[in-house]
Amino acid sequence: MNDLLAEAGRLLAAARRPVVFTGAGMSAESGVPTFRDAQTGLWQRYDPEQLATPAAFHADPALVWGWYEGRRHGVRRARPNPGHLAVAAIQARLRKTVVITQNVDDLHERGGVGAPVRLHGSLFAPRCSACGHPAPVPGDAPEPPAGPLPPPACARCAAPVRPGVVWFGEELPAQALAAAVEAASRCDLLLTVGTSALVHPAAEIPLVATRLGAPVVQVNPVPTPLDTVCAVNLRGPAGEVLPSLVRAAWPG
Ligand code: BJW
Ligand code: ZN
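As a starting point, this report considers the structure included with it. (Residues numbered from 1 in each chain as written. Chains lettered and ligands numbered in written order. Predicted model: local features only at pLDDT ≥ 70, side-chain atom pairs only at ≥ 80, totals over all residues. Heavy atoms only, no water.)

A few points about the pairing of strand β2 (residues 98-101)
Using the following cut-off: A pair of strands is labelled paired if DSSP reports no fewer than 2 bridges between them. A run of DSSP states H or I qualifies as a helix once it reaches four residues; a run of E qualifies as a strand once it reaches two. Both are numbered from the N-terminal end.
Pairing geometry for strand β1 (residues 18-22) and β2, over 4 bridges, is parallel. Paired with Val 20 across the two strands is Val 99, which belongs to β2. Across 2 bridges, β2 lies against strand β3 (residues 117-118) in parallel orientation. Its bridge partner lying in β3, Thr 101 is registered against Arg 118.

Observations concerning the coordination of the zinc ion (ligand 2)
Inclusion rule: Each metal's donors are the N, O and S atoms within 2.8 Å of it, or within 3.2 Å when it is Na, K or Ca, and because water is not part of the set, sites may look incomplete. Here a site with four donors is tetrahedral if all angles are between 85 and 135 degrees, and a site with four or six donors is square planar or octahedral if opposite donors are over 155 degrees apart and the other angles are between 65 and 115; anything else gets the irregular label.
Within the first shell, the zinc ion (ligand 2) binds the protein through Cys 128 (SG), Cys 131 (SG), Cys 154 (SG) and Cys 157 (SG), at distances of 2.3 to 2.4 Å. One can describe the site at the zinc ion (ligand 2) as tetrahedral: its 4 donor atoms subtend angles covering 101 to 119 degrees at the metal. Every donor residue of the zinc ion (ligand 2) comes from the same chain, spaced as C-x2-C-x22-C-x2-C.

Quick word on the site of ligand 1
Rule in force here: We call a residue near a given molecule or strand whenever any one of its heavy atoms falls within 4 Å of it. Side-chain atoms alone can form a polar contact between residues adjacent in sequence; in general such a contact is a pair of N or O atoms within 3.5 Å, and within protein one must be able to donate a hydrogen while the other accepts it. Using a 1.4 Å probe, the Shrake-Rupley method yields the accessible areas, and only the shown protein chains count as cover for residues. Residue classes follow a fixed rule: Ala, Val, Leu, Ile, Met, Phe, Trp, Tyr, Cys and Pro count as nonpolar, while Asp, Glu, Lys and Arg count as charged, and any other residue, Gly among them, counts as polar.
Surrounding ligand 1, one finds 35 residues, the nearest of these being Arg 36, Tyr 68, Gly 169, Thr 195 and Ser 196. In this structure, His 120 approaches ligand 1 through a side-chain N or O atom, which is 2.8 Å from an oxygen atom. A distance of 2.5 Å separates an oxygen atom of ligand 1 from a polar atom in the side chain of Ser 196. Within the complex, the protein chains bury 74% of what would otherwise be the 1,500 Å² of accessible surface of ligand 1. No other element matches the 3 residues that helix α4 (residues 61-77) contributes to the shell around ligand 1. Counted by class, the shell around ligand 1 contains 18 nonpolar, 11 polar and 6 charged residues.

As structure tokens, this is what we get:
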């Protein structure tokens, strides 16, 4: 591991325009469950891949809205972990660093990252399911919902409000996707952290970088489909590996 860290540290220290590409594992040590982790409470019975769809919301808006309310409740109580702080430290050192995240939490921003590119939306940007009008973020409740919760009605057209995230079968926000592809095309190092790399088109972002010759460094406790294209695979939790990587790049 020390040799691998030293090699990844050299790549980071030499980079001028790195991209940090993150997934749910980035926030795992903050206590935010990864997407493919077991669900808790009422939602144990449901497959998240089945809940995160327009069809699920259409069939049972209260079930899906309640799930997202519960997750928002958890994220509000979570704190950025040392991994988030290390990403912010990289950006502070290398001002051209672009952070691209698939996460719908706000822990990068709270950890000090400026304007991450959000590929899959945000838990904090609900909008109308019919007319798209932005809706207020519901206030914080002392307890998470114990079960399904009907969504509020749109102030403009009264249709149900939906979470401002990207569900399966939906297009990614065009501007964010274009910014991500552009950054990956121009970067001189891509650091991928805590993603299973199973969900497309996001999973193609590291491939854009590697096809254009930039080395890819991966941080994940387990292998992923990206292993074979990575210059260095650092097996371990982001909250431990990323601070060590920053120390390896810029000792002292
Ligand atoms: C740690 C750790 C620690 C643990 N430290 N690491 C090509 C091929 C096949 C299928 C498709 C394809 N192109 C499109 C598709 C279909 C589909 C798709 O990809 N399906 C796959 C499941 C096969 N894609 C779509 O539908 C996308 N839309 C689309 O393609 O539209 C086309 C279109 C065109 C024109 C008109 C209309 C449509 C949309 C995808 C949207 C994904 N949305 C979600 C939900 C967001 C809201 C929510 O959170 O509820 O985004 S799904 C979910 O997966 C979420 C995540 O952002 C995303 C990625 O997951 P992530 O982050 O990788 O998390 P996990 O849980 O999978 O992995 C965690 C990792 O962390 C693991 O590896 C752990 O080991 C690791 N880890 N602890 C570091 N401490
Ligand atoms: Zn509306």
